[in-house]
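Observations on chain architecture
Chain by chain, the residues run as shown.
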Amino acid sequence: MAESTFATIQHLLAECSEDERHALFQALRADHQIHQLEQTFGARAEVILEAIHRAPELTRRMLRGVIADAAFAQSVVPALAQRGWRDDTPDGNHAFDHRLRDTVGAVTVQVKLQRSERGQPVVTNGRRFGLAAGMYMVEPQRTRTGKSLDGNGEETKTRPYRYGEFDILAVSLQPSCGDWGAFRYTLGNWLLPGAGPNEIATYQPVAMRPNEDWTDDFDVAAGWLRAGMVKRIGNTNQVEDLLSRQ
DNA sequence: TCCTTCGCGCTCTGGATCAG
DNA sequence: CTGATCCAGAGCGCGAAGGA
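Figured I'd write up the structure that's included with this text. All values reported here derive from a predicted model rather than from experimental measurement. (Residues numbered from 1 in each chain as written. Chains lettered and ligands numbered in written order. Predicted model: local features only at pLDDT ≥ 70, side-chain atom pairs only at ≥ 80, totals over all residues. Heavy atoms only, no water.)

So, about the environment of Arg162. With respect to the helices and strands, the residue Arg162 is situated in the loop between β9 (155-157) and β10 (168-172). Measuring from C-alpha to C-alpha, the distance between Arg162 and Leu28 comes to 50 Å, with 134 residues separating the pair along the chain. (Helix = DSSP H or I, 4+ residues; strand = E, 2+ residues; numbered from the N terminus.)

Printed below as a string of structure tokens:
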């Protein structure tokens with residue numbers, strides 16, 4: 001199409017009424033697929049969205065987590081590609097959501113939404129963790145309770161994550177800032193310990209602003225990981241108490 | 001009061017068990 | 001041995017019950 005024709009159409013569109021533009025959109029939409037999922041499901045995007053709209057709150061809840069994961073893939077991963085990282089996520093189910101690789105090696109990432117309650121981000125008073133008042137929370141645990149037998153025939157809980165299952169925790173800050181592209185990172189090995197052997201606690205405080213434990217820059221977190229520093233988020237007596245439980 | 005733990009809707013997968 | 005069937009575990013987050 002000649003550039004002038006294209007400009008003419010744009011000009012005509014601007015003069016159309018809302019109804020006319022809607023009719024034109026429908027005509028274009030008839031043979032234009034928005035996303036390949038339409039083909040996978042054999043359903044138009046409008047039907048898929050209506051299904052989500054009708055789904056129970058619990059199902060939509062699930063979707064918010066999946067959206068956070070997709071947002072990481074669509075906003076963070078391409079930006080990191082400019083800085084020498086490539087997506088190296090293997091097929092199948094793993095304790096991590098993404099694996100990124102640069103010339104130094106691979107880094108695994110688990111994405112979680114920061115904890116919300118009644119539509120608002122949870123903010124603790126910090127007492128429990130002995131930290132300054134005002135911390136966001138994140139709940140890094142699997143979503144279904146299960147048990148499995150370990151090597152000694154002992155029954156272990158499968159719901160908690162364990163140290164070493166992922167390198168970096170990426171917390172989506174969408175609930176507090178409304179931006180699906182906003183993530184705050186810390187290291188899996190820095191998270192507070194849970195009750196069981198090698199378990200990560202199911203509740204973790206997240207700094208409201210980047211600090212020495214939490215960063216908004218993935219490269220900084222990768223740097224922390226590769227520096228191999230051994231520590232836990234927060235650095236107080238109460239955290240020491242938690243550590244002593246291990 | 002605040003923290004911790006559990007269960008839920010929906011769906012898929014893989015392993016165990018059963019019948020033929 | 002093969003195919004069918006059953007069931008537990010897992011993916012996702014948040015409300016609510018229970019505990020300190």
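Before going further, it helps to spend a moment on the pairing of strand β2 (residues 98-101). Side chains His98 and Leu100 of β2 all project onto a buried face; the interleaved residues Arg99 and Arg101 project onto a face where none is buried. As paired elements, β2 and strand β3 (residues 106-113) share four bridges and run antiparallel to each other. If you follow Arg99 over to β3, its bridge partner there is Thr108. Between the antiparallel neighbours β2 and β3 lie four residues, among them Gly105 with a positive phi of about 160°. (Buried < 20%, exposed > 50% of the residue type's maximum accessible area, 1.4 Å probe, protein only. Pairing = 2+ DSSP bridges.)

Turning our attention to the pairing of strand β11 (residues 183-187). Across the five residues that make up β11, a large majority, five, are buried. Residues Phe183, Tyr185 and Leu187 line one face of β11 and the alternating positions Arg184 and Thr186 line the opposite face, and both faces are buried. The pairing of β10 with β11 spans five bridges and is antiparallel. By the bridge assignment for β11, Leu169 is matched with Thr186.

Attention now moves to the packing of aromatic side chains. For the structure shown, the criterion picks out five aromatic pairs. Seen from their ring centres, Phe72 and Phe183 are 5.4 Å apart, and the 90° between their planes marks the pair as edge-to-face. You can see Phe72 sitting in helix α5 (residues 57-81) and its partner Phe183 sitting in strand β11, a full 111 residues away along the chain. The two residues Phe72 and Phe183 agree in class, both being buried. An aromatic cluster is built from Trp85, Tyr185 and Phe218, whose rings are joined through pairwise contacts. Positioned over the ring face of Trp190 is Lys231, at 4.5 Å from the centre of the ring. (Phe/Tyr/Trp six-rings, centres within 6.5 Å; stacked < 30°, edge-to-face > 60°. Lys NZ or Arg CZ within 6 Å of the ring centre and 35° of its normal.)

We now examine α5. Given a rise of 1.5 Å per residue, 25 residues ought to cover 36 Å, and the 35 Å separating the end C-alpha atoms of α5 matches this to within 8%. Its axis deflected by about 25° at Ala73, α5 carries its strongest bend there. In this structure, the buried side of α5 is in contact with β1 (86-87), β2, β3, β10, β11 and α7 (218-227). (Expected span 1.5 Å × (residues − 1). Bend = angle between axes of the 7 residues up to and from the residue. Contact = heavy atoms within 4.5 Å.)

This next bit is on the nonpolar core. Generally speaking, a soluble globular protein has its nonpolar side chains buried in company with each other. Core analysis: the biggest nonpolar cluster contains 40 residues, and Phe72, Leu100, Val109, Ile168, Phe183, Tyr185 and Phe218 have the highest contact counts within it. Contributing elements (two or more residues each) for this core: α5, β3, β7 (135-138), β10, β11 and α7. Among the elements that take part in this core, α5 stands out by supplying six residues, more than any other. (Core = buried A, V, L, I, M, F, W, Y, C linked by side-chain atoms within 4.5 Å.)

Before going further, it helps to spend a moment on the pattern of salt bridges. Per the stated rule, a full pass over the model turns up 18 salt bridges. Close ionic contact of Glu57 with Arg61 constitutes a salt bridge, the shortest N to O distance being 2.7 Å. On the criterion of helical spacing, the pair formed by Glu57 and Arg61 is a turn pair, its members being four residues apart in helix α5. A salt bridge links Arg83 to Asp217, with the nearest nitrogen and oxygen atoms 3.2 Å apart. Of this pair, Arg83 sits in the loop between α5 and β1 while Asp217 sits in the loop between β12 (204-206) and α7, and the two are 134 residues apart along the sequence. You can call Arg83 partly exposed: its relative accessible area is 46%. Beyond isolated ion pairs, a larger network of salt bridges with shared partners links Arg29, Glu38, Arg44 and Glu46. (Salt bridge = Lys/Arg side-chain N within 4 Å of Asp/Glu carboxyl O.)

With that out of the way, let us pick up the sheet that holds strand β6 (residues 123-124). Taking strand neighbours across the sheet as the criterion, the three strands line up as β6-β7-β12 in an open arrangement whose pairing is antiparallel. Both outer strands of the open sheet, β6 and β12, are each paired with one neighbouring strand and no more. Relative to β12, β7 runs antiparallel, the two sharing three bridges. When the bridges of β12 are listed, Val138 appears paired with Gln204.

Spatial ordering of the open sheet is given by β1-β2-β3-β10-β11, a layout of five strands whose pairing is mixed. The outermost strands of the open sheet, each flanked by one partner alone, are β1 and β11.

Attention now moves to a nonpolar patch on the surface. Where nonpolar side chains cluster on the molecular surface, the patch consists of Met1, Phe6, Ile9, Leu13 and Leu24 and spans about 500 Å² of accessible area. Sort the elements by how many residues they give to the nonpolar patch and helix α1 (residues 3-15) lands first, with three residues. Inspection of the secondary structure assignment puts Met1 in the segment before α1. Taking relative accessible area as the criterion, Met1 reaches 73% and is therefore assigned exposed. (Patch = residues over 30% accessible without salt bridge, like charges linked within 9 Å, V, L, I, M, F, W, Y side chains within 5 Å. Areas by Shrake-Rupley, 256 points an atom, 1.4 Å probe, with all protein chains shown as cover.)

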